[in-house]
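Fold and geometry: a report
As a plain string of letters, each chain reads:
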Amino acid sequence: MLRIIGIPLGPFETNAYILHQQDTNEAVVIDPGMNPEPLFQALGDMQVKAVLLTHAHLDHIGGLGLIRERYGCPVYIHEQEQEWLTNPELNGSLRWPQISEPMIFDPAEHLLQDGDVLELIGLKLNVLYTPGHSPGSVSFVFDKQCFAGDALFRMSIGRTDLTGGDHAVLINSIRTKLFTLDDDVNVYPGHGPATTIGYEKEHNPFL
């Protein structure tokens, strides 16, 4: 049986997610953010098989070095942001020196493209390329679950004033990718509470 665990991390209260197969005790982590101690407490003795990144802004990757060190798991990121893990100017960690030292990590082991299907811990996760918040933003979808990063929030959308952001591109990503999903698909965003595709179609003031 699959459990989905969301844990807000760090000064931006960025949602990290654990996908946990209880029968095998295997897990996938999505967006291990800054100050990841609560994430590690939740993981306990789970076997982390992969880290999936919706994008590579500092608040979504802050715990990446520690989780790699502890679990030795491969990292997946869209090819458009492969350099962001090694470049603190791109990942934004130079922008907020009061809360973070420059973040420089090893490159990701796997580069993603739109339409990829990842077979991990008994799940088939579809990769949707949803740029706009950042040039390499992706969403991960399986069954009735969508992990949308900072593309779509409950009653809001991602900011587009950071490196590579584009408001028109983001709106197009939401309308042509996320809003083609069924209305009852649960959306787990990078910040704030979960929502559904149908609720956002009806109530999101930006859309």
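Residues numbered from 1 in each chain as written. Predicted model: local features only at pLDDT ≥ 70, side-chain atom pairs only at ≥ 80, totals over all residues. Heavy atoms only, no water.

Bringing the side chain of aspartate 59 into the picture now. For aspartate 59, the position within the fold is in helix H2 (residues 58-61). Of the side chains bearing the opposite charge, arginine 159 lies closest to the buried aspartate 59, which forms no salt bridge; the N-O distance is 8.2 Å. A polar side-chain atom of aspartate 59 sits 3.2 Å from a polar atom in the side chain of histidine 191. For aspartate 59, the residues in contact, after removing those within four places along its chain, are Phe12, Thr14, Gly33, Met34 and His191. (Helix = DSSP H or I, 4+ residues; strand = E, 2+ residues; numbered from the N terminus. Buried < 20%, exposed > 50% of the residue type's maximum accessible area, 1.4 Å probe, protein only. Lys, Arg positive; Asp, Glu negative; His and termini not counted. Salt bridge = Lys/Arg side-chain N within 4 Å of Asp/Glu carboxyl O. Polar contact = N/O pair within 3.5 Å; in protein donor to acceptor, adjacent residues only side chain to side chain. Contact = heavy atoms within 4.5 Å.)

Here the focus is the sheet that holds strand E14 (residues 195-196). Taken in spatial order, the six strands make up an open sheet running E7-E8-E9-E10-E13-E14, and their pairing is mixed. Edge positions in the sheet fall to strand E7 (117-120) and E14, since each has one partner strand and no second. Bridge analysis of strand E13 (residues 186-189) against E14 gives two bridges, and the strand direction is antiparallel. Among the inter-strand pairings, valine 187 is bridged to a residue of E14, identified as threonine 195. (Pairing = 2+ DSSP bridges.)

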